[in-house]
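A closer look at the structure
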Amino acid sequence: MTLNKFNLPDVGEGLTEAEIVAWKVKAGDTVAINDVLCEIETAKSLVELPSPFAGTVTELLVPEGVTVDVGTPIISVSDAVAAPEPAAPAPAPAPAAAPVAQERAAAAPMYGTLPADTSDAGEAAGRPAGGPLVGSGPKADAVKRRRRISAPSAVGHEAPASTAATGAAAPVAERVGVEAHDIWINPDAASRPADAATAPDDSVDARPTLGGAISGLVGKVLAKPPVRKIARDLGINLADVVPTGARGEVTREDLVSYQAQRDAEVDKADSFWGKSGRPQDQRIERIPVKGVRKATAKAMVESAFAAPHVSIFVDVDASRTMEFVKRLKASRDFEGIKVSPLLILAKAVIWAAARNPSVNATWVDNPDGSDSAEIHVKHFMNLGIAAATPRGLMVPNIKNAQDLSLKQLALALNELATTARAGKTQPAQMRGGTLTVTNIGALGIDTGTPIINPGEVAIVAFGTIKQKPWVLDGEVIPRWITTLGGSFDHRVVDGDLSARFMADVAAILEEPALLLD
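What comes next concerns the included structure. Just so we're clear, the structure is a prediction, and the values are computed from it rather than from any experiment. (Residues numbered from 1 in each chain as written. Predicted model: local features only at pLDDT ≥ 70, side-chain atom pairs only at ≥ 80, totals over all residues. Heavy atoms only, no water.)

**Some thoughts on the overall build of the chain**
The condition that has to hold: Helix and strand assignments come from DSSP, with helices taken as H or I runs of at least 4 residues and strands as E runs of at least 2, each series counted from the N terminus. Here the term buried applies to any residue with accessible area under 20% of the maximum for its type, exposed to any over 50%, and partly exposed to those in between, with areas from a 1.4 Å probe on protein chains only. What makes two residues a contact is simply this: any of their non-hydrogen atoms within 4.5 Å.
From N to C terminus, the chain includes 12 helices and 18 strands. Across the 517 residues of the chain, 35% fall into the buried class. For the chain, contacts bridging at least 24 residues in sequence account for 64% of all contacts bridging at least 6.

**Describing the packing of helix H10 (residues 341-355) against helix H12 (residues 495-510)**
Let me state the cut-off plainly: Simply put, an axis is a line fit to the C-alpha atoms, just over the touching stretch for a helix, and the angle between two N-to-C directions goes from 0 to 180 degrees. Here roughly perpendicular refers to angles of 65 to 115 degrees, roughly parallel to angles under 35, roughly antiparallel to angles over 145, and oblique to all remaining angles. By the definition used in this description, the sense in which the near helix is turned from the far one sets the handedness, with an anticlockwise turn below a right angle giving left-handed and a clockwise turn giving right-handed. Residues are grouped as follows: Ala, Val, Leu, Ile, Met, Phe, Trp, Tyr, Cys and Pro are nonpolar; Asp, Glu, Lys and Arg are charged; all remaining types, including Gly, are polar.
Running from N to C, H10 and H12 point in directions that differ by 140 degrees, and their axes come no closer than 8 Å. It follows from the interaxial angle that H10 and H12 lie oblique. As H10 packs across H12, the resulting crossing turns out to be right-handed. In this structure, H10 contributes Ile-344, Leu-345, Ala-348, Val-349, Trp-351, Ala-352, Ala-353 and Arg-355 to the contact, and H12 contributes Phe-501, Asp-504, Val-505, Ile-508 and Leu-509. The residue inventory of the contact of H10 with H12, partitioned by class, reads 11 nonpolar, no polar and two charged.

**Examining the sheet that holds strand E1 (residues 3-7)**
Spelled out, the test is: Whether two strands pair comes down to DSSP finding at least two bridges between them.
Reading across from one edge, E1-E8-E6-E3 is the order of the four strands in this open sheet, with antiparallel pairing throughout. Strands with a single pairing partner mark the edges of an open sheet, and in this sheet they are E1 and strand E3 (30-31). Sheet analysis places strand E6 (residues 55-60) next to strand E8 (residues 73-78), joined by four bridges and oriented antiparallel. Bridge assignment links Glu-59 to a residue of E8, and that residue is Ser-76.

**Notes on the packing of aromatic side chains**
Test applied: For Phe, Tyr and Trp, where Trp contributes only its six-membered ring, two rings pair if their centres lie within 6.5 Å, and the inter-plane angle classes them as stacked under 30 degrees, edge-to-face over 60, or tilted in between.
Tallied over the entire structure, the rule returns one aromatic pair. Seen in terms of ring centroids, Phe-488 and Phe-501 are 6.0 Å apart; in terms of plane orientation they differ by 85 degrees. Their pairing is edge-to-face. A residue pair is termed long-range when its members are at least 10 positions apart, and Phe-488 in strand E18 (residues 475-489) and Phe-501 in helix H12 qualify at 13 residues. Summarising the burial analysis for this pair, Phe-488 and Phe-501 share the class buried.

**Examining the pattern of salt bridges**
Test applied: Any carboxyl oxygen of Asp or Glu within 4 Å of a side-chain nitrogen of Lys or Arg constitutes a salt bridge here.
For the coordinates displayed, the defined rule picks out 11 salt bridges. Here Arg-479 makes a salt bridge to Asp-317, at a shortest N to O gap of 3.0 Å. Taken together, the positions of Arg-479 in strand E18 and Asp-317 in strand E9 (residues 309-317) put the pair 162 residues apart, joining distant regions of the chain. The exposure class assigned to Arg-479 is buried, which follows from its relative accessible area of 18%. According to the relative accessible area criterion, Asp-317 is buried, its value standing at 8%.

By themselves these figures say nothing about function.
Dropping the structure here:
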């Protein structure tokens with residue numbers, strides 16, 4: 001028997017330490033190569049570590065919540081696999097046959113594990129230690145197909161043959177709901193079939209026609225009818241819930257998590273202030289700075305004091321952008337895709353950067369410490385999108401965003417946001433950004449002075465869009481107005497260049513048709 005110790009690896013970008021967030025195995029568990037052992041939090045993201053060994057877990061060497069250096073042993077795995085239970089004893093054979101029986105019994109464990117690996121079920125236990133080691137990254141089951149609910153299965157099997165004309169329309173409405181919502185069966189649903197099977201009749205999103213169903217769904221948050229009913233009962237706006245479903249839909253678990261968080265916030269607010277009888281120094285909560293928060297703090301201090309920031313602002317009439325977004329939502333090409341004004345802003349930033357290339361650059365000091373430096377202008381756009389996550393600020397970026405169509409950019413934005421808020425953003429997704437957008441308007445904020453992401457020279461803050469009085473052709477009328485704020489590294493971007501860049505971005509929001517030029 002060989003005892004293998006797995007040392008904390010460097011999962012990228014010169015990682016020096018990481019925190020063990022959660023163990024996915026315990027002592028005595030049987031693991032195969034590539035089975036997820038634990039989740040670790042680095043300075044960049046949450047990463048799953050796969051097992052490089054096959055065997056039995058003997059000991060977890062580092063408890064959850066502890067930060068250790070790269071190279072520290074975190075788990076030990078023995079290559080011994082538990083032997084199968086012995087078969088029922090056979091009738092006593094003749095004395096002469098005893099040596100033969102003993103020989104067969106000794107060989108049984110060796111071959112008893114083979115059928116488990118060759119079966120269609122794909123059992124992991126007893127599987128030979130073979131195959132390549134998957135790198136640290138998304139969960140191994142992230143690409144599994146989910147069975148789609150067929151239209152007949154959505155129709156009740158106990159409907160009487162003499163159903164009236166009005167009753168016959170119900171199965172049609174159910175089929176429309178299934179296809180329009182693109183519902184998929186979750187493998188976990190087998191353990192709780194009542195969630196879907198016992199949904200009330202009024203959970204069906206009844207619509208009179210197929211065309212009405214499609215037009216009503218475009219632009220809405222994806223969710224199953226039972227989930228929508230639960231949200232209505234709880235008074236939850238589905239747009240406020242972070243979706244984690246395989247198709248970007250809000251699941252029942254997402255609602256439970258959101259409601260629990262909302263309840264916790266209310267409970268914390270009621271009991272936040274400590275007892276007035278206690279000394280104040282005993283009513284101070286001390287929170288260790290680590291992981292993403294530690295990395296963010298270091299990066300912001302470095303940027304704020306290394307790059308001389310200059311900020312400018314511009315009010316924009318985004319009424320035509322709002323109309324354009326509305327048309328995109330009604331388009332069949334964008335059916336099922338979340339479309340928001342952020343998509344148009346992202347496209348505007350890419351368009352404006354091509355006209356003002358120096359905003360898509362990096363200031364590079366000479367490594368020898370001399371006064372000489374270089375400005376590296378990037379002829380590609382890795383567009384960063386600042387995302388607030390439960391673990392802190394993250395800025396993943398969309399690689400080569402300049403090559404994406406409007407639809408492709410919308411899909412990339414949706415995937416980026418969903419991955420970031422679920423805490424699954426990988427270090428490679430946050431590497432190499434060239435220009436960043438922060439959507440502070442999503443929080444109802446008009447504008448702000450954002451800090452430039454390290455390694456870049458510009459960032460655009462997108463404020464909330466709201467109706468305000470606006471003078472148009474000499475008349476005061478209500479229009480959809482937003483405020484753009486931009487911060488620039490004054491070593492690279494002069495006042496004139498920053499003003500022209502922001503004016504170009506504003507021009508697209510005022511007239512999205514310019515993107516067709």
